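Here is what each chain is made of, one letter per residue.
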Amino acid sequence: MLTVAELNAIRDRVRKQLSVREPHNRLIVGVGTVGIAAGAREVIVTAMQEVSTRGLDLVVVGEDLALPASEMPVVKFVTASGEETVYTKVTAEGVREIIQSLATTVGTLADA
Amino acid sequence: MSLIRSHVLVCAGTGCVSSHSQKVREAIHAALERHGLADEVNVVETGCFGFCRMGPIVMVYPEGAFYCQVKPEDAEELVSEHLLKGRIVERLLFQEPVTERAVPLFNDIGFYKKQKRVALRNCGNINPECIEESIAHDGYQALARAVTRMTPEEVIDEIKHSGLRGRGGGGFPTGRKWEFARASQDSIKYVVCNADEGDPGAFMDRSILEGDPHSIVEAMAIAGYAIGAQQGYVYVRAEYPIAVERLSIAIKQARELGLLGNNIFGSDFCFDLGIRLGAGAFVCGEETALLSSIEGHRGTPRPRPPYPAVKGLWGKPTLINNVETLANIPTILRHGPDQFAATGTEKSKGTKVFALAGNINNTGLVEVPMGTTLREIVYDIGGGIPGGKAFKACQTGGPSGGCLPTELLDTPVDYDSLIAAGSMMGSGGLIIMDEDTCMVDVARFFLEFTQEESCGKCVPCREGTKRMLEILQRITKGEGVDGDIELLEELAEVISKASLCGLGQTAPNPVLATLKFFREEYEAHIKQKRCPAGVCQALLSYHIVEDKCKGCGLCKKVCTVDAISGDLRQPHRINKDKCIKCGACAAKCPFKAISR
């Protein structure tokens, strides 16, 4: 027998898992061939781990940003309303720091 | 926590499955494994997106890219380009028919822009075989509110205030029906869901059952609470195996969580659901015939009164509602009746799901606010008639409905406007017909259907539809005589007034509607033995236009009955007595010298 509180707990937990299907703050990692050659795969996997561990309300996306190799790997933070901040030559450690700095802006899924 | 960064939703509604969407899904899985992305991407089966002509449909989040007509061979490109490198695969996106511009986002596609998906809210968004996804989309919240914070009377009140009317065709105010069922005094009552959906071409209910079965489970439990029932049955036609499967899984999962069974949410309310299968009888969509079928008898209707709300299944008070009607219930209780009533017209609140079929570019499922005009549905959403042909008529209400010709294209689609125009809403099938359709043949087609489906219990339907069909068959074969039209009208009056159930009462409607707007076509068939649309084979005659004929002899070669004669480079001739009117010669002629 399920209580209403338990129903709500399931709803909140699974909503987070499905949040990728809604418009959101997102962290875009350039994963075109140029980006991958510069090490973007490591960046995107690290980004996902970091966001997950901190439970942040942030969606990590891979896109072909078509930017020059001199800037890659590139990471772009885009808010739900469309404002962009671009970071260039980002390493795996670098993306961890970026995410740390964005933590208060995006908030955690628990507050969402 | 999972490290999933992308969701790939593959449509697994009946339409897409028959176009091999399961193979597409498997191919995507395999490609993900090959590229080492299986842990980052979730592949989910969903219900019907509605844009069936463009299936199999695959949607990729978070971009929301809408991919159409995806084949298993496309999986490699989808994964290596989009999921690995973030490049949207343009060639698989939807392309606007006129501009041929690729439209990546779901909501920007013309087909979806004017729709308001309420009953279909979760179809295409969730995995219907996972109760937790339904819960994440507010599933069972309405049931929780009803059972823990409202009295049954308050629930019924909200349904009444919403203005919801039956979506199966009758359009009876749902709140009032629930009230009648509550008022009947009996310790045993039943809730039944009519999922028989017999209208040819209609698949609204099927899509809801396949794409969001929990909305029905929840709605039936709410109904049980409201009227005082502890047992419900969903009567599904056996021709919907995927729907039956999804519904079974949904019921099982609901029981496991305690959302069905005893003491739901800790209250005194107990409710459970069973599934009963139909066996291919259109008449079992009629409520009393349906109940008869559940009881184990042959599906034949009973006279009413007494209505099922008073005396239904096994003589007990029974509430019967259609699938789409039920799909709206959780929304009304979650957001309140006023929000529901804010959409639609004064007497027809909310939205309606239509199955667009026939001669139209965008076939599929559409959900629009009541009051949207037919023109908007046909042209803005439906994309117009293929081949640039002219619109001739739109059949609404299936075999029980009528047709709306060009002059009525601006009719708002709601219960009362359609009845005033001589048709009816019906369950929501919209069959679009172009200039090459013979309206007499259409009437014959629908009558053939109702005649075959007649259960035979009452004379007016059993004998009357048979005789009407005979007359129509004679007319389409060129054997119509003076007085046939008047006879059809006389028979129609008797059958509609004296039949025991809705099948018989509405069977003459297609004939009456086509007579009303296309009488001259009937007269051409009878008096001139001519079919203006060029459909009725017996009335066709092919002849070669002498000054266009170059005497090449291609037609003579392709004629299977040697009906064409002529020497090389001399105009050829068709022997009308031998001609079987197959049209092969006209199709073959390179000079378009053969006409009908």
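Remember, predicted model here, so these are calculated numbers, not experimental data.

On to the interface of chain A and chain B, then. Each side of the interface is counted separately: chain A has 27 residues, and chain B has 27 residues. Mapped by element, the contributors of at least two residues to the side of chain A that touches chain B are helix 1 (4-17), helix 3 (40-54) and strand 2 (59-63) of chain A. No other element matches helix 1 of chain A, which puts seven residues into the side of chain A that touches chain B. Classifying every residue of the side of chain A that touches chain B gives 13 nonpolar, eight polar and six charged.

For a regular strand, side-chain orientation follows a simple rule: the groups alternate between the two sheet faces. Residues and elements named next belong to chain B. The buried count for strand 8 (residues 231-236) comes to five of six residues, which makes it a mostly enclosed element. Taken together, the six bridges between strand 8 and strand 9 (residues 272-277) define a ladder with parallel strand orientation. Counted as the bridge partner of Q231 is D272 from strand 9. The β-α-β motif built from strand 8, the intervening helix 11 (residues 241-257) and the parallel element strand 9 has right-handed crossover chirality.

All names here are of chain B. Burial of strand 10 (residues 318-322) is extensive: five of the five residues sit out of reach of the surface. Neither face of strand 10 is left uncovered, since the one carrying T318, I320 and N322 and the one carrying L319 and N321 both have all their residues buried. The pairing of strand 7 (residues 190-195) with strand 10 spans five bridges and is classified as parallel. Of the residues in strand 10, the one forming a bridge with N194 is N322.

This part is about the packing of helix 18 (residues 459-476) of chain B against helix 21 (residues 509-527) of chain B. All names here are of chain B. Contact geometry for helix 18 and helix 21: axes closest at 11 Å, N-to-C directions at 40°. Taken together, the axes of helix 18 and helix 21 lie oblique to each other. The segment helix 18 lies against helix 21, with M468, I475 and T476 engaging V511, Y522, H525 and I526. For the contact of helix 18 with helix 21, a count of residues per class yields five nonpolar, two polar and no charged.

What follows is about the domain arrangement of chain B. Domain annotation of chain B identifies domain 1 (6-113), domain 2 (131-341), domain 3 (351-434), domain 4 (439-527) and domain 5 (541-596). A separation of 29 Å is found between the C-alpha centroids of domain 1 of chain B and domain 3 of chain B.

Residue and element names in this part refer to chain B. Relative orientation of the contacting elements helix 8 (residues 174-183) and helix 10 (residues 213-227) amounts to 50°, with a least axis distance of 8 Å. Comparing the axis directions of helix 8 and helix 10 gives the class oblique. Along the contact surface, helix 8 presents W178, A181 and R182, while helix 10 presents A223, A226 and I227. Split by residue class, the contact of helix 8 with helix 10 holds five nonpolar, no polar and one charged.

Scoring rules and cut-offs
Residues numbered from 1 in each chain as written. Chains lettered and ligands numbered in written order. Predicted model: local features only at pLDDT ≥ 70, side-chain atom pairs only at ≥ 80, totals over all residues. Contact = placed C-beta atoms within 7 Å. Helix = DSSP H or I, 4+ residues; strand = E, 2+ residues; numbered from the N terminus. Nonpolar A, V, L, I, M, F, W, Y, C, P; charged D, E, K, R; others polar. Buried ≥ 20, exposed ≤ 12 C-beta atoms within 10 Å, placed from the backbone. Pairing = 2+ DSSP bridges. Right-handed = clockwise from strand over helix to strand, strands pointing away. Axes fitted to C-alpha atoms, helices over the stretch in contact; angles between N-to-C directions. Parallel < 35°, antiparallel > 145°, perpendicular 65-115°, else oblique. Domains from an automatic or database assignment.

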